[in-house]
Amino acid sequence: MSAHTHTTPKTTVTVIGLGPMGRALAGAFLAAGVATTVWNRTPGRDGELVARGAVSAGSAAEAVAASELTVVCVVDYEAADSVLHRPEVTAALKGRTLVNLSADVPSRAREAAGWAAEHGVSYFDGAIMTPTTTIGTPHGVFIYSGQQDLYEAHKPVLDALGGTHTHLGEDVGRAAAYDIALLDIWWTAMTGYMHALAVARAEGISAQELLPFAQGIGQILPPAFADAAVEVDNGTYAATVNPLTSAVSTMAHIVHTSEAHGIDASVIRAAEGLGRRAIGLGHGGDELTRVAELLGRPV
Ligand code: NDP
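Residues numbered from 1 in each chain as written. Predicted model: local features only at pLDDT ≥ 70, side-chain atom pairs only at ≥ 80, totals over all residues. Heavy atoms only, no water.

Comments concerning the site of the ligand
- The immediate surroundings of the ligand are formed by 22 residues, with Asn40, Arg41, Thr42, Arg45 and Ala103 found nearest.
- Within the backbone of Leu18, an N or O atom sits 3.1 Å from an oxygen atom of the ligand.
- Within the side chain of Thr42, an N or O atom sits 2.5 Å from an oxygen atom of the ligand.
- For the ligand, whose accessible area on its own is 880 Å², the fraction buried by protein is 72%.
- Of all the secondary structure elements, the ones that give two or more residues to the shell around the ligand are α1 (20-31) and α4 (77-84).
- Taken together, the residues of the shell around the ligand break down into 11 nonpolar, 9 polar and 2 charged. (Near = heavy atom within 4 Å. Polar contact = N/O pair within 3.5 Å; in protein donor to acceptor, adjacent residues only side chain to side chain. Areas by Shrake-Rupley, 256 points an atom, 1.4 Å probe, with all protein chains shown as cover. Helix = DSSP H or I, 4+ residues; strand = E, 2+ residues; numbered from the N terminus. Nonpolar A, V, L, I, M, F, W, Y, C, P; charged D, E, K, R; others polar.)

Next comes the structure, spelled out in structure tokens:
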């Protein structure tokens, strides 16, 4: 569905933070016909948005005073706090609603909610799970947590961003917790891919030659994720496909090949080490899912 079809008549929003993501958010609001006020620490990042109809606020306080809902999207909560905790900004936010879409850790989201409650600011939290290019398209993924009625009240404005919007629960740290878990998958997977490209290149294989097979690996991940999710939730780890004893032997081959080329193998060594630890504790006949249980044990 196009973002335009979501629009309710003449809603307003303020966007604080005009990095690539903040600009994408403000641009999508404008495209959907939402009256949008913008502010950024460093001036001059709003030229294109203003040309498209955004109001450039002279100060952060003026920006938050312009709308019932303020969306903050800066590098992290330290940066958000440095803007929002200025007395004149806090005063202007009183009685209004703030949603922080910056990425950070769950405890920071909970602290932000505590600060907001102390200062009479309505607050819920959120995270964006997809790149700037998806904003304003059906492919954007937005997650939220905190007070559900507040989220529901502002969802018509947020819908202007397109994509899917999911409220994950009243615990305000929950969106950030999902974000952390999902980014854990992303960064470790992509680092594994970068390592694979270095090893392949050392063996005379270009990244593009490897690509169709690398994409094949990508395609077997979704069903493997689904099987692992059931096993981890049920606590049933016994191997049906690939026992740890076999898994670590292929991991060791990667370590040896990397190091034979002088390539740092620390990432795959860490994976192999976890597998060997599980084997040492008597779990050699289990799937790799046993590692999730092992990592969760108290140290
Ligand atoms: P950045 O993470 O680089 O954030 C840039 C923004 O943060 C700018 O508005 C910058 O202001 C502001 N900022 C940094 N430090 C401070 C500070 N001390 N005080 C005030 N403002 C500050 O770029 P993005 O816009 O891409 O990301 C914003 C958030 O969105 C991040 O949390 C990111 O993880 C998240 N995100 C981004 C995605 C992407 O594809 N880019 C995807 C999903 C989430 P200034 O211009 O003055 O430096």
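Resuming the write-up.
Considering a nonpolar patch on the surface
- Where nonpolar side chains cluster on the molecular surface, the patch consists of Tyr178, Leu182, Ile185, Ile217, Ile220, Leu221 and Phe225 and spans about 630 Å² of accessible area.
- If you list the elements that add at least two residues to the nonpolar patch, you get α8 (174-202) and α9 (207-234).
- A total of 4 residues in the nonpolar patch trace back to one element, the largest contributor, which is α9.
- As for its position among the elements, Phe225 is in helix α9. (Patch = residues over 30% accessible without salt bridge, like charges linked within 9 Å, V, L, I, M, F, W, Y side chains within 5 Å. Salt bridge = Lys/Arg side-chain N within 4 Å of Asp/Glu carboxyl O.)

Here's the deal with the sheet that holds strand β8 (residues 164-167)
- Across the sheet, which stays open at both edges, the 8 strands sit in the order β3-β2-β1-β4-β5-β6-β7-β8 with mixed pairing between neighbours. For this open sheet the edge positions go to β3 (55-56) and β8, each flanked by a neighbour on one side alone.
- Note that strand β7 (residues 141-146) and β8 share 4 bridges and pair parallel. Bridge pairing links Ile143 to Thr166 in β8.
- Sheet strands touched by helix α6 (residues 106-118): β5 (97-100) and β6 (122-128). Its angle to β6, the strand with the most contacts, is close to 155 degrees.
- The strands touched by α8 within the sheet are β6 and β7, with β7 carrying the most contacts at an inclination of about 140 degrees. (Pairing = 2+ DSSP bridges. Contact = heavy atoms within 4.5 Å. Axes fitted to C-alpha atoms, helices over the stretch in contact; angles between N-to-C directions.)

Here's the deal with empty space enclosed by the protein
- For the structure on display, the rule yields 1 cavity of 30 Å³ or more.
- Every residue lining the largest cavity is listed: Tyr77, Ala80, Asp81, Leu84, His85, Leu98, Asn100, Ala112, Trp115 and Tyr123.
- Elements that contribute at least two residues to the lining of the largest cavity include exactly α4, β5 and α6.
- Its residues assigned to classes, the lining of the largest cavity comprises 7 nonpolar, 2 polar and 1 charged. (1 Å grid on protein atoms, 1.4 Å probe; cavity = no way out; pocket = protein on both sides within 12 Å on 5 of 7 lines; lining within 4 Å. Points joined across faces, edges and corners; volume = space filled by probe spheres on them.)

Some thoughts on the packing of aromatic side chains
- Scanning the model with the defined rule gives 4 aromatic pairs in all.
- For the pair Tyr144 and Tyr151, a centre-to-centre distance of 4.9 Å together with 40 degrees between the ring planes defines the contact as tilted.
- A network of ring pairs unites the aromatic residues Phe124, Tyr144 and Tyr151 as a single cluster. (Phe/Tyr/Trp six-rings, centres within 6.5 Å; stacked < 30°, edge-to-face > 60°.)

Brief notes about the domain arrangement of the protein
- Along its sequence, the protein is organised into domain 1 (12-170) and domain 2 (206-295).
- The gap between the C-alpha centroids of domain 1 and domain 2 is 39 Å. (Domains from an automatic or database assignment.)

Some remarks on the pairing of strand β4 (residues 69-72)
- Side chains Leu69 and Val71 project from β4 onto one buried face, and the interleaved Thr70 and Val72 project onto a second face that is buried too.
- Examined bridge by bridge, β4 and β5 share 4 bridges and lie parallel to one another. The partner of Val71 across the bridge, within β5, is Val99. (Buried < 20%, exposed > 50% of the residue type's maximum accessible area, 1.4 Å probe, protein only.)

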